Amino acid sequence: MAGHHEPHHHHHDGDDHDHDNHLDPMAARVRALETILTQKGLIDPAAIDAIVETYETKVGPRNGARVVAKAWSDPSFADWLRRDATAAIASLGYTGRQGEHMEAVFNTPDTHNLVVCTLCSCYPWSVLGLPPVWYKAPAYRSRAVMDPRGVLAEFGVTLPADRQVRVWDSTAELRYLVVPERPAGTEGLDEERLADLVTRDSMIGTGLARSPEAA
Amino acid sequence: MNGPQDLGGQMGFGPVAPEMDEPLFHAAWERRALGVTLAAGAMGAWTIDESRHARESLHPADYYASSYYEIWTKALERLLVRHGFVDEDELAQRKALRPGAAPKRVLTVADVAPVLARGGPCDRPVAAPPRFAPGDRVRTRNIHPVGHTRLPRYVRGHVGTVEAVRGGFVFPDTNAHGRGENPQWVYTVVFAGRDLWGDDADPTLSVSVDAWESYLEPA
């Protein structure tokens, strides 16, 4: 089929055939596993559809962006987020798997925060959705704790030389959300407009919030 | 364990490769791998700690050559075999040949939203008071357990400062191996970048880990 010549990153066409020959065995392997487990009554394929749909359409970085926008707009919410991020975030309806125990860390003019999981791929699913490939890959996990400025440069981010860099390695069950600094010139914006400025990467620390002109 | 998963400070993996407009899944099978892994986990036969240990127990060459959902899938197969749900010949023949172990529960469509929204909280009460307090200097123990641990190699034997007491949490080193939850206090411990990486390290850098109490001793 024509798809044989498509680059591998274009595959999200919903069929179960992967056009990259290297990955074909995995499609077969996962299908076999699902088949065996379904035949034994251990899983329900419809439940799997519902799980996938949840993470494709319901849980994603927009949740976290709303948390940040509210913290920017409402000092009492920001204070709550600082003291008990799990409860503050749950008050907006964002709870659940890989978000059971949340901590919010605030960027300041003095300190930039960056989150990594060197041991696996711990990531706050309930506010950011599923992690991107680079977050789970060895290049990021190995170097974020040792050379964060080098990593940031690969994301196009250059911090002032005197800015302290604080890296949080998520080695336990706490999941970190970075609250980026509120961009200048956003005084008149409501929470929805502010949330548009909050990128996924800015909540990991590999990016900054966008300025209103760039949004 | 000193497995392939313990990546902090390793070199040679090249630059980070952010993608523009990255898709959530890079192949259709990845969707199913995620869903099958979560649905099988919901049977309740193993913990998140045991599943992490299954992933990090892949041969290093296999781990590094595998994408993340490949790692998940290979580990899931091991867990299913270990717990008697599936046998090796069934995986090889790609069909069910016999019933296998009975699950505690099967995730239904109606369960998905509440189960995902509830997650799996792993905070637990700890009877003893915390041994350390914010501001205490602590040294991470020099340990190399053959089983699961969440103390990464790059901080072992280093002195840091307790920044926060986070509460009591299930201890992964025993929980991963069916030896109980044995909750302990967890602390956020901060290390100066130069203490970890030497004089050439970024002087502005500090790194924290979240460490269970038995990983630490007074410095």
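All of these numbers come straight from a predicted model, not from anything done at the bench.

Caption draft 1: Focus on the interface of chain A and chain B. The interface is formed by 85 residues belonging to chain A together with 90 residues belonging to chain B. Between chain A and chain B, a total of about 7,700 Å² is buried, with carbon and sulfur atoms accounting for 62% of that surface. When the buried surface of chain A facing chain B is broken down by residue, L42, L119 and M146 of chain A rank first, second and third, together holding 9% of it. For the interface between chain A and chain B, the tally reads ten salt bridges.

Caption draft 2: Geometry of the packing of aromatic side chains. All names here are of chain A. A full pass over the atoms with the stated rule returns 19 aromatic pairs over all chains. Positioned over the ring face of F77 is K70, at 5.7 Å from the centre of the ring. The aromatic ring of W168 is capped on one face by R166, whose charged end is 3.7 Å from the ring centroid.

Caption draft 3: Highlighting helix α2 (residues 45-58) of chain A. Between the first and last C-alpha of α2 of chain A there are 19 Å, a value that for 14 residues agrees with the 20 Å anticipated at 1.5 Å per step. Against the buried residues of α2 of chain A lie α1 (24-39) and α6 (125-128) of chain A together with α1 (28-41) and α6 (109-118) of chain B. If you check the start of α2 of chain A, you find a side-chain oxygen 2.9 Å away from the backbone N of A46 of chain A, and it comes from D44 of chain A.

Caption draft 4: Spatial organisation of the environment of E56 of chain B. Residues and elements named next belong to chain B. With respect to the element layout, E56 can be found in helix α2 (residues 48-56). A residue is classified by how much of its surface remains accessible, and E56, at 2% relative accessible area, is buried. Separated by 52 residues in the primary sequence, E56 and P4 have C-alpha atoms spaced 6.3 Å apart. Discounting residues that sit within four places of it in the chain, E56 has contacts with M1, G3, P4, Q5, Y63, H148 and T149.

Caption draft 5: Focus on the sheet that holds strand β1 (residues 137-140) of chain B. If you walk across this open sheet you meet the seven strands as β2(A)-β3(A)-β4(B)-β3(B)-β2(B)-β1(B)-β5(B), and the pairing is mixed. Every other strand in the sheet has two partners, leaving β2 (111-116) of chain A together with β5 (216-218) of chain B as the edge strands with one partner each. For this sheet, the mean inter-axis angle between neighbouring strands, taken without regard to orientation, is 35°.

Caption draft 6: Structural context of the confidence of the model for chain A. Residues with a pLDDT of 70 or more make up 89% of chain A, whose mean pLDDT is 91. Here residues 1-18 of chain A is modelled with pLDDT under 50, and outside its nearest four sequence neighbours on either side it reaches 34 contacts, counting other chains as well.

Caption draft 7: Region of interest: the pairing of strand β4 (residues 205-212) of chain B. Within β4 of chain B, eight of the eight residues are buried, leaving the element largely enclosed by the surrounding structure. Neither face of β4 of chain B is open: one carries L205, V207, V209 and A211 of chain B, the other S206, S208, D210 and W212 of chain B, and all of them are buried. Summarising the sheet, strand β3 (residues 164-169) of chain A and β4 of chain B pair through five bridges and their orientation is parallel. Looking at β4 of chain B, one finds that V165 of chain A is bridged to L205 of chain B.

Caption draft 8: Looking closely at the nonpolar core. With 127 residues, the main nonpolar core has Y55, L81, I89 and Y140 of chain A together with L34 and L80 of chain B as its most contacted residues. Of the residues forming this core, the biggest block, eight residues, is contributed by helix α4 (residues 68-82) of chain B. Beyond its immediate stretch of four places on either side in the chain, L34 of chain B contacts I51, Y55, W125 and L130 of chain A together with F25, Y69 and W72 of chain B.

Caption draft 9: Inspection of the confidence of the model for chain B at higher detail. When pLDDT is averaged along chain B, the result is 97; 100% of the residues meet or exceed 70. Confidence estimates for the predicted assembly give a pTM of 0.94 and an ipTM of 0.98.

Caption draft 10: Summary view of the pattern of salt bridges. This structure, assessed with the given rule, holds 29 salt bridges over all chains. One salt bridge in this structure joins E90 of chain B and K40 of chain A, with 2.8 Å as the shortest N-O distance. Here E90 of chain B, found in helix α5 (residues 88-93), pairs with K40 of chain A, found in the loop between α1 and α2, and the two come from separate chains. Note on accessibility: E90 of chain B and K40 of chain A belong to one class, buried. Among the salt bridges present, the one from K74 of chain B reaches E70 of chain B, with a minimum N-O distance of 3.9 Å. Of this pair, K74 of chain B and E70 of chain B both sit in helix α4, four residues apart, which is roughly one turn of that helix. The class for K74 of chain B is buried, based on a relative accessible area of 11%. With relative accessibility at 8%, the residue E70 of chain B sits in the buried group.

Caption draft 11: Region of interest: the pairing of β2 of chain A. All names here are of chain A. β2 sits mainly inside the fold: five of its six residues count as buried. As paired elements, β2 and β3 share six bridges and run parallel to each other. Residue V116 lies in a different strand from β3, and its bridge partner there is D169.

Analysis parameters
- Residues numbered from 1 in each chain as written.
- Chains lettered and ligands numbered in written order.
- Predicted model: local features only at pLDDT ≥ 70, side-chain atom pairs only at ≥ 80, totals over all residues.
- Heavy atoms only, no water.
- Contact = heavy atoms within 4.5 Å.
- Buried area = accessible area lost by both parts, 1.4 Å probe.
- Salt bridge = Lys/Arg side-chain N within 4 Å of Asp/Glu carboxyl O.
- Phe/Tyr/Trp six-rings, centres within 6.5 Å; stacked < 30°, edge-to-face > 60°.
- Lys NZ or Arg CZ within 6 Å of the ring centre and 35° of its normal.
- Helix = DSSP H or I, 4+ residues; strand = E, 2+ residues; numbered from the N terminus.
- Expected span 1.5 Å × (residues − 1).
- Polar contact = N/O pair within 3.5 Å; in protein donor to acceptor, adjacent residues only side chain to side chain.
- Buried < 20%, exposed > 50% of the residue type's maximum accessible area, 1.4 Å probe, protein only.
- Pairing = 2+ DSSP bridges.
- Axes fitted to C-alpha atoms, helices over the stretch in contact; angles between N-to-C directions.
- pLDDT = per-residue confidence, 0-100.
- Core = buried A, V, L, I, M, F, W, Y, C linked by side-chain atoms within 4.5 Å.

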